[in-house]
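Chain by chain, the residues:
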Amino acid sequence: MATEFPEEITQVGCGFCYVPLEFEFSFAFQPIVDLQSRQVFGYEALVRGPAGESAWSVLSQVNDANRYAFDQACRVKAIHLASKLGLNKVLSINFLPNAVYEPAHCIRSTLAAARETGFPIENLMFEIVESERVYDRQHLTKIFKHYEQQGFITALDDFGAGHAGLNLLADFLPRVLKIDMDLVRDVDQNPTKQIIVKYLVGMCNELNIRVLAEGIETLAEVEFFRSLGVELMQGYYFARPGFEILPEIDFSTQLF
């Protein structure tokens, strides 16, 4: 059964209009591992249907009319559920940049949810969701800067694929950069990928950006990124997403 939430959380207004969501959703959580400290750095909240259905079953229902309401509801639900599960690490939430009109206004429900649950602001990380094309990079830069001023962690998701490219990075330096899983997959066997990733990591080191390798599935991939000094990793090798639970990792038995 999906976790129950108050009605007002699933019906969010956007200033001059009010568009209630006509569908339910919940979250699965996947751990992000810090290999240096051998601890869980945090968990990414991954949208799912109310009974654990795929993300697509939910995202396919998002449109221009309900995009803002969905974006706001995602933040609030993720914070409430993570708090209920006792999360005391970083909570990473994807956000829809084209749904954020005015950062100061759109962040109010997030701040309210954090206050209500006692969730630390500094433990909230916002990622640009990979499925959204960024039409106005200047506007996105404004959003990111405002979020950092509030104390949030900012992240670029799926870097190296789609819309999160070097032009966006030139406009704003996030705290965390997540390397796309297509670059991660079999990187230990692909000399071209190795060169690309090596220089990407080096660039991030010079810019003081933490690198997170996502989509890790093999020990060989772990060892390659560790050889480059990458500490943050995420993927099936460590744990699959857990629907409405926080999967644990027994570091004493892991081969890394």
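- Under an unreviewed UniProt entry, the name given to the protein chain is EAL domain protein, and the source organism is Nitrincola lacisaponensis.

**Structural notes on the confidence of the model for the protein chain**
Interpretation of this model should avoid reading the predicted coordinates in detail wherever pLDDT is low.
Line of reasoning, step 1. Taken as a whole, the protein chain shows an average pLDDT of 85; of its residues, 82% reach a score of 70 or greater.
Line of reasoning, step 2. Considering only residues more than four positions removed or in separate chains, one finds that residues 1-18, a stretch of pLDDT under 50, has 32 contacts.

**Looking at the packing of aromatic side chains**
Line of reasoning, step 1. The tally for this structure, following the rule as stated, stands at 14 aromatic pairs.
Line of reasoning, step 2. Plain terms: the ring middles of tyrosine 147 and phenylalanine 152 are 5.7 Å apart, the flat faces sit at 85° to each other, and that makes the pair edge-to-face. For the pair tyrosine 147 and phenylalanine 152, one class covers both residues: buried.
Line of reasoning, step 3. Note on phenylalanine 224 and phenylalanine 225: the rings are 5.5 Å apart at their centroids and 85° apart in plane angle, and the pair reads as edge-to-face. In terms of burial, phenylalanine 224 and phenylalanine 225 fall into one category: buried.
Line of reasoning, step 4. Positioned above the aromatic ring of tyrosine 236 is the side chain of arginine 240, whose terminal nitrogen or guanidinium carbon lies 4.0 Å from the ring centre.

**Observations concerning the packing of helix α2 (residues 67-84) against helix α4 (residues 108-117)**
The geometry of a pair of packed helices is captured by two quantities: the angle between their axes and the separation between those axes.
Line of reasoning, step 1. Contact geometry for α2 and α4: axes closest at 9 Å, N-to-C directions at 15°. As far as their axial angle goes, α4 and α2 are roughly parallel. In this structure, α2 meets α4 at a crossing whose hand is right-handed. Across the interface between the two elements, Gln72, Arg75, Val76, Ile79, His80 and Ser83 from α2 touch Ser109, Thr110, Ala113, Ala114, Glu116 and Thr117 from α4.

**Structural notes on the nonpolar core**
Line of reasoning, step 1. One finds Phe25, Phe70, Leu91, Ile179 and Phe225 to be the most contacted residues of the largest nonpolar core, which totals 67 residues.
Line of reasoning, step 2. For this core, the element with the highest residue contribution is α2, accounting for nine residues.
Line of reasoning, step 3. When neighbours within four sequence positions are excluded, phenylalanine 70 is seen to be in contact with Leu21, Phe23, Phe25, Val47, Val58, Leu59, Val62 and Leu96.
Line of reasoning, step 4. Ranked by size, the runner-up nonpolar core spans nine residues in total, among them Phe41, Ala155, Leu212 and Leu232.

**Brief notes about α4**
Line of reasoning, step 1. Buried residues of α4: Thr110, Leu111, Ala113 and Ala114, and no others. Buried residues of α4, viewed axially, fall in a sector of 160°; they line one side. Seen from the open side of α4, the exposed residues pointing more than 90 degrees away from its buried face are Arg108, Arg115 and Glu116.
Line of reasoning, step 2. One or two residues past the end of α4 sits glycine 118, with phi positive at roughly 75°.

The rules behind each value
Residues numbered from 1 in each chain as written. Predicted model: local features only at pLDDT ≥ 70, side-chain atom pairs only at ≥ 80, totals over all residues. Heavy atoms only, no water. pLDDT = per-residue confidence, 0-100. Contact = heavy atoms within 4.5 Å. Phe/Tyr/Trp six-rings, centres within 6.5 Å; stacked < 30°, edge-to-face > 60°. Buried < 20%, exposed > 50% of the residue type's maximum accessible area, 1.4 Å probe, protein only. Lys NZ or Arg CZ within 6 Å of the ring centre and 35° of its normal. Axes fitted to C-alpha atoms, helices over the stretch in contact; angles between N-to-C directions. Helix = DSSP H or I, 4+ residues; strand = E, 2+ residues; numbered from the N terminus. Parallel < 35°, antiparallel > 145°, perpendicular 65-115°, else oblique. Left-handed = near helix turned anticlockwise from the far one by under 90°. Core = buried A, V, L, I, M, F, W, Y, C linked by side-chain atoms within 4.5 Å. Arc of directions from axis to C-beta.

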